[in-house]
There are 6 protein chains.
Amino acid sequence: MVSERSNGNVVALLPASFDPVTNGHLDLVERAHRVFDELVLGVAINVSKNETFSTEERVDLLRSATKDLKGVRVCAFSGLAVDYAREVGASVLVRGLRAMSDFEYEFEMAGMNKHLHPELETFFMMASQEHMYVSSSRLKELVRFGRNIDEFVPSEVAKMLVERLGGKL
Amino acid sequence: MVSERSNGNVVALLPASFDPVTNGHLDLVERAHRVFDELVLGVAINVSKNETFSTEERVDLLRSATKDLKGVRVCAFSGLAVDYAREVGASVLVRGLRAMSDFEYEFEMAGMNKHLHPELETFFMMASQEHMYVSSSRLKELVRFGRNIDEFVPSEVAKMLVERLGGKL
Amino acid sequence: MVSERSNGNVVALLPASFDPVTNGHLDLVERAHRVFDELVLGVAINVSKNETFSTEERVDLLRSATKDLKGVRVCAFSGLAVDYAREVGASVLVRGLRAMSDFEYEFEMAGMNKHLHPELETFFMMASQEHMYVSSSRLKELVRFGRNIDEFVPSEVAKMLVERLGGKL
Amino acid sequence: MVSERSNGNVVALLPASFDPVTNGHLDLVERAHRVFDELVLGVAINVSKNETFSTEERVDLLRSATKDLKGVRVCAFSGLAVDYAREVGASVLVRGLRAMSDFEYEFEMAGMNKHLHPELETFFMMASQEHMYVSSSRLKELVRFGRNIDEFVPSEVAKMLVERLGGKL
Amino acid sequence: MVSERSNGNVVALLPASFDPVTNGHLDLVERAHRVFDELVLGVAINVSKNETFSTEERVDLLRSATKDLKGVRVCAFSGLAVDYAREVGASVLVRGLRAMSDFEYEFEMAGMNKHLHPELETFFMMASQEHMYVSSSRLKELVRFGRNIDEFVPSEVAKMLVERLGGKL
Amino acid sequence: MVSERSNGNVVALLPASFDPVTNGHLDLVERAHRVFDELVLGVAINVSKNETFSTEERVDLLRSATKDLKGVRVCAFSGLAVDYAREVGASVLVRGLRAMSDFEYEFEMAGMNKHLHPELETFFMMASQEHMYVSSSRLKELVRFGRNIDEFVPSEVAKMLVERLGGKL
């Protein structure tokens, strides 16, 4: 890790489902992007098969929303985030916190991750006030009930969510 | 901030009382030090006047304990941490979390800090399992009751704490 | 809203699943009923289809249990609670809190609801000590294991729960 | 209480130190004012003697800030809030929640209050997102460090806080 | 209960799914075993049918792991833990706490249990630091992703988990 | 510890300020007393000198309130609870939990205590519903405001509290 820093290149991994990307995600991405040389957005290939969007769709929407951010790249990954961090040479894992319950889950996860990959450092960022109550799952509920969510997601995402879920209860 | 990164130089500020420095502090310092180009340890010149050690003593003990860490420097500061961050050119504020109550305080503080200095990014690091229950105030209590605390602080700190507080209830 | 108040008529909405109504619900209803001119109990027509009782049954049991409370009426609703609040002219949303985790969920929900319907005020009421550990789902578990729950629900509800779930694991 | 409601007059008490009143307080006051016929703002005559402003000053600043709100009146009180509620004929106690720790304190307090005055109903309101991290004590700290707080308090309050605390560490 | 104590025989029940037993469970068992004359490990015969191991397998693995602990016996049970406590003559229910969310669930459960069986005393034990982030479900996830979990479970359990879940996503 | 158990004699220590003893304390004492052979109530000789009652008074009031409980004895102690536990041969430390914040403090304390005295087992008991909101400090506040507290403390304690604090703000 010292060597990575010595050549001025700190890689950070921000893993999430991004199903789909919200403005809350993008706020974290932009804030982390200002600090780290390289930021990898890891789209988790989940096994639960409960996703609204396919891995490919989730990657595409996220790439489209972050295409202007130099040093940010989007990749799908399966397996443990700590293993993927190793694969991409990340020395930092970035996680967003929205609430107390996030904290507790992350707290336990960080303990395990430290055990599995001791050199990987986890940094937590607080969600901004305006994104505190916005999650992908809550937005989906709004769409199902016919609510407009344009202010919470990129326009392309809003459009796709309405197509996929609009009025489907 | 982009400019700072472009020349490969991210400065982070870790502000605390360090009254006195513990191994828990040092663990955070070493972990943050691996990620950031420059890490400023800001020793808060408190106004409560309840400190066990003077600002000068706290700075000296911390400097002594971190003297082998390249890129880490120790400074005393007064005023708000966000203002001091601006002064030293820090784009990152590092805070350690030991417990749920820390989280809540920090959560509110981060909200205010974001308002006062929007470009400053706060990163939270979890204390390591073995330092989770170690705080300066708890260690002082142990010393007052005659307990050995050598495993929790640098030896120089242990010696000074015993001199200052040993057996003084 | 001022106009609503000027004619002395504050309508409050208390939305829940009421699957089925418990004495804990009734305690909240009676307490809220003393404060508001009109109290609408909104029985959520859920989409999960995991309910023990049909919407009609849930409405009937709740109506039967609250028939003596003047100014309280029971209606089924679908969609978002904030939208239904608008529909019935409610200026207040009443929510019960039993635990810390309720608090967190409600806290986020209140943030979103304020955004969706800024004039709607959410008031939280603490569950009474004796109802703190009583929830519909816990009572169902007791019934499944053959326990008597007469003290936790109206007698009609106890009878129906036993018929529906008694001894069915 | 039924009689109070029957003549369309619900009195609510919002007790606090108001040392001094902030925009966060005023937000709660305005929101509660829209729901209740009469809203009494009870300025607690504290016994700790740690207040920045005298009871009279706190009452005056609060009166000045709420003078346009019809149905809202400001009074100083000593003793328990539940006793003062009885004195002013309030059937509702309004409390603001900013954080999890508030919740816990209030939760216990509500239990005791219910015991002391069973007919008094406590309603909790969440602080708005923008006031979540603003408390009187935090604002005083900002003033001491020379920060402008005009956006967080009425202008008259900002002026008095600077006179009283500005640059005094 | 007084009579039980008078003959020096306090029976404690530690109910759990044990699906499968982990070193975290064993740590609790060993610690509780030192205090109580008799410790019954109650393997819950769940009704959800989501278990990785059958009741028989879970009992066998637990028996094998605790065979050297005198005064500890393993039994499967269905129904409520409080009812099973009565059946085995236990005057103490032992529960482990790993996190804040455990606390809240247990807190509510203890309230209900006290109501259902007032003479049964619930004692909570904190998980040891090194087991704080280890749960059966997290370990299963590690196994699915091909990680070695030998340090977290008895070797026999590790072997069976790999056979059952290894590489099965 | 094994030897202690083998002769059927488990000693438990319940340390607290008992300033003064409340019915909440007595409820815990009675419940713990039923489980352990010997229960030592350790009255902490605090160094803060903020106590309402002297150590001797606190010991006397507690002894008077527990005089009918065989196997319970009251002692004052200074220093760390873990050291006193060793002194009295206790293998169990009993702590009451009233709230989430208690939990967090105790959680950290248990971590440190385990480190200082690994064979000492800490058991947490939940306060009963009816004592959840009753603490010594809250009762003192009630007395200062002239409230009757007879239902919350032994009558002797109520009398002394009124003499000491009644109407003294």
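Higher on the page you've got the structure.
Residues numbered from 1 in each chain as written. Chains lettered and ligands numbered in written order. Predicted model: local features only at pLDDT ≥ 70, side-chain atom pairs only at ≥ 80, totals over all residues. Heavy atoms only, no water.

## Considerations on the pattern of salt bridges
All names here are of chain F.
Working step 1: A complete count under the given rule lists 60 salt bridges over all chains for this structure.
Working step 2: One salt bridge in this structure joins Arg164 and Glu57, with 2.7 Å as the shortest N-O distance. Taken together, the positions of Arg164 in helix H7 (residues 155-165) and Glu57 in helix H3 (residues 55-65) put the pair 107 residues apart, joining distant regions of the chain.
Working step 3: Of the residues examined, Arg164 reaches a relative accessible area of 30% and is grouped as partly exposed. (Salt bridge = Lys/Arg side-chain N within 4 Å of Asp/Glu carboxyl O. Helix = DSSP H or I, 4+ residues; strand = E, 2+ residues; numbered from the N terminus. Buried < 20%, exposed > 50% of the residue type's maximum accessible area, 1.4 Å probe, protein only.)

## Comments concerning the interface of chain C and chain E
Working step 1: On the chain E side, the residues contacting the 16 residues of chain C number 14 residues.
Working step 2: At the boundary of chain C with chain E, total buried surface from both sides reaches about 1,400 Å², with 61% on carbon and sulfur atoms.
Working step 3: Elements that contribute at least two residues to the side of chain C that touches chain E include exactly helix H5 (100-116) and helix H6 (136-144) of chain C.
Working step 4: Among the elements that line the side of chain C that touches chain E, the one with the most residues is H6 of chain C, at four residues. (Contact = heavy atoms within 4.5 Å. Buried area = accessible area lost by both parts, 1.4 Å probe.)

## Topic: the relation of the copies chain C and chain E
Working step 1: Expressed as a screw operation, the relation of chain C to chain E combines 0.0 Å of axial shift with a rotation of 120 degrees, fitting to an RMSD of 0.0 Å. The transformation just described matches what one would write down for a three-fold rotation axis. (Least-squares fit on C-alpha atoms with pLDDT ≥ 70 in both.)

## Overview of the interface of chain B and chain A
Working step 1: Counting residues at the interface gives 34 residues for chain B and 34 residues for chain A.
Working step 2: Between chain B and chain A the total buried area reaches about 3,000 Å² when both faces are included, carbon and sulfur atoms providing 67% of it.
Working step 3: In this structure, the connection of chain B to chain A is made through two salt bridges.
Working step 4: Residue Arg31 of chain A pairs with Glu121 of chain B through a salt bridge whose shortest N-O separation is 2.8 Å.
Working step 5: Linking chain B with chain A are five residue pairs in polar contact (both at pLDDT 80 or more).
Working step 6: At the level of secondary structure, the elements contributing two or more residues to the side of chain B that touches chain A comprise helix H2 (23-33), strand S4 (92-97), helix H5 (100-116) and strand S5 (121-126) of chain B.
Working step 7: In terms of residue count, the dominant contributor to the side of chain B that touches chain A is H5 of chain B (eight residues).
Working step 8: Classifying every residue of the side of chain B that touches chain A gives 17 nonpolar, five polar and 12 charged. (Polar contact = N/O pair within 3.5 Å; in protein donor to acceptor, adjacent residues only side chain to side chain. Nonpolar A, V, L, I, M, F, W, Y, C, P; charged D, E, K, R; others polar.)

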